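If you want the building blocks of each chain, they are given just below.
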Amino acid sequence: MIKSVIDYLEVAVISHPDKLSIIDMTLGKITYKRLYEMSQYFAFEINKKHVHNQPVVILMEKSSVTVAAFFGCTYTNNIYVPLDPEMPVDRMKKIIDELKCE
């Protein structure tokens, strides 16, 4: 039974790994298997920094990579906080200050 987005991704990877999950203007077609691998990479990098149950700020343009970052944060039980580089710097600083990020 699927109870979370992680469950959904894992079921999709097992049942149809080569099926298209995202079409990205930069990276092209991303399969569920590739999205899972990218997500695991983000989770590994977050875990290396010993971040647990905290906001994780991701500063990048919207793409399949940001989706993988979301899943990586979710895998590590952290809170995904997306920031767009086009956002005014004062706004980004305010968000980061409010979250009390390290």
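See the structure above.
Just so it is clear, the model here is predicted, and its values are computed rather than measured.

Visitor: What exactly am I supposed to notice about the pairing of strand β4 (residues 79–83) here?
Guide: For a regular strand, side chains alternate in direction, first toward one face of the sheet and then toward the other. Sheet topology places strand β3 (residues 55–59) next to β4; 5 bridges connect them, and they run parallel. Bridge pairing in β4 links Pro55 to Ile79. At this point the chain moves from β3, through helix α3 (residues 64–75), to the parallel β4, and the crossover so formed is right-handed.

Visitor: Explain the packing of helix α1 (residues 5–15) against α3 here, please?
Guide: When two helices pack together, their arrangement is given by the angle between the helix axes and by the axis-to-axis distance. Interhelical geometry of α1 versus α3 gives an angle of 115 degrees and a closest axis separation of 10 Å. One way to sum up the angle between α1 and α3 is to call them roughly perpendicular. Here α1 and α3 pass one another in a crossing that is left-handed. For the pair α1 and α3, the contacting residues are Val5, Ile6, Leu9 and Glu10 in the first and Phe70, Phe71, Thr74 and Tyr75 in the second. Within the contact of α1 with α3, the residues separate by chemical class into 6 nonpolar, 1 polar and 1 charged.

Visitor: Teacher, can you tell me more about unusual backbone geometry here?
Guide: Peptide bonds are trans in most cases, and residues, glycine excluded, mostly fall at negative phi. Phi at His50 is positive, roughly 55 degrees, even though this residue is not glycine. Turning to its location among the elements, His50 is positioned in the loop between α2 (32–48) and β3. His50 sits in the exposed class, given a relative accessible area of 62%. The phi dihedral of Asn53 falls on the positive side, at around 55 degrees, and the residue is not glycine. You can see Asn53 is positioned in the loop between α2 and β3.

Visitor: Can you walk me through the side chain of Asp24 in this structure?
Guide: Note on placement: Asp24 falls in strand β1 (residues 20–24). One buried charge, Asp24, has no salt-bridge partner; the nearest side chain with opposite charge is Arg34, at 10 Å. For Asp24, the side chain forms a polar contact with the main-chain nitrogen of Thr26, separated by 2.6 Å. At a separation of 3.2 Å, a polar atom in the side chain of Asp24 contacts the main-chain amide nitrogen of Leu27. Contacts of Asp24, omitting those with residues within four sequence positions, involve Ser63, Ser64 and Val65.

Visitor: What is the right way to read the packing of α1 against α2 from this model?
Guide: Two elements in contact, α1 and α2, have axes separated by 8 Å at closest approach and are oriented at 130 degrees. With respect to their mutual orientation, α1 and α2 come out oblique. As for the relative orientation of α1 and α2, their crossing is left-handed in sense. Taken together, the residues of α2 that come into contact with α1 (itself represented by Tyr8, Leu9, Glu10, Ala12 and Val13) are Tyr32, Lys33, Leu35, Tyr36 and Ser39.

Calculation notes
Residues numbered from 1 in each chain as written. Predicted model: local features only at pLDDT ≥ 70, side-chain atom pairs only at ≥ 80, totals over all residues. Heavy atoms only, no water. Pairing = 2+ DSSP bridges. Helix = DSSP H or I, 4+ residues; strand = E, 2+ residues; numbered from the N terminus. Right-handed = clockwise from strand over helix to strand, strands pointing away. Axes fitted to C-alpha atoms, helices over the stretch in contact; angles between N-to-C directions. Parallel < 35°, antiparallel > 145°, perpendicular 65-115°, else oblique. Left-handed = near helix turned anticlockwise from the far one by under 90°. Contact = heavy atoms within 4.5 Å. Nonpolar A, V, L, I, M, F, W, Y, C, P; charged D, E, K, R; others polar. Buried < 20%, exposed > 50% of the residue type's maximum accessible area, 1.4 Å probe, protein only. Lys, Arg positive; Asp, Glu negative; His and termini not counted. Salt bridge = Lys/Arg side-chain N within 4 Å of Asp/Glu carboxyl O. Polar contact = N/O pair within 3.5 Å; in protein donor to acceptor, adjacent residues only side chain to side chain.

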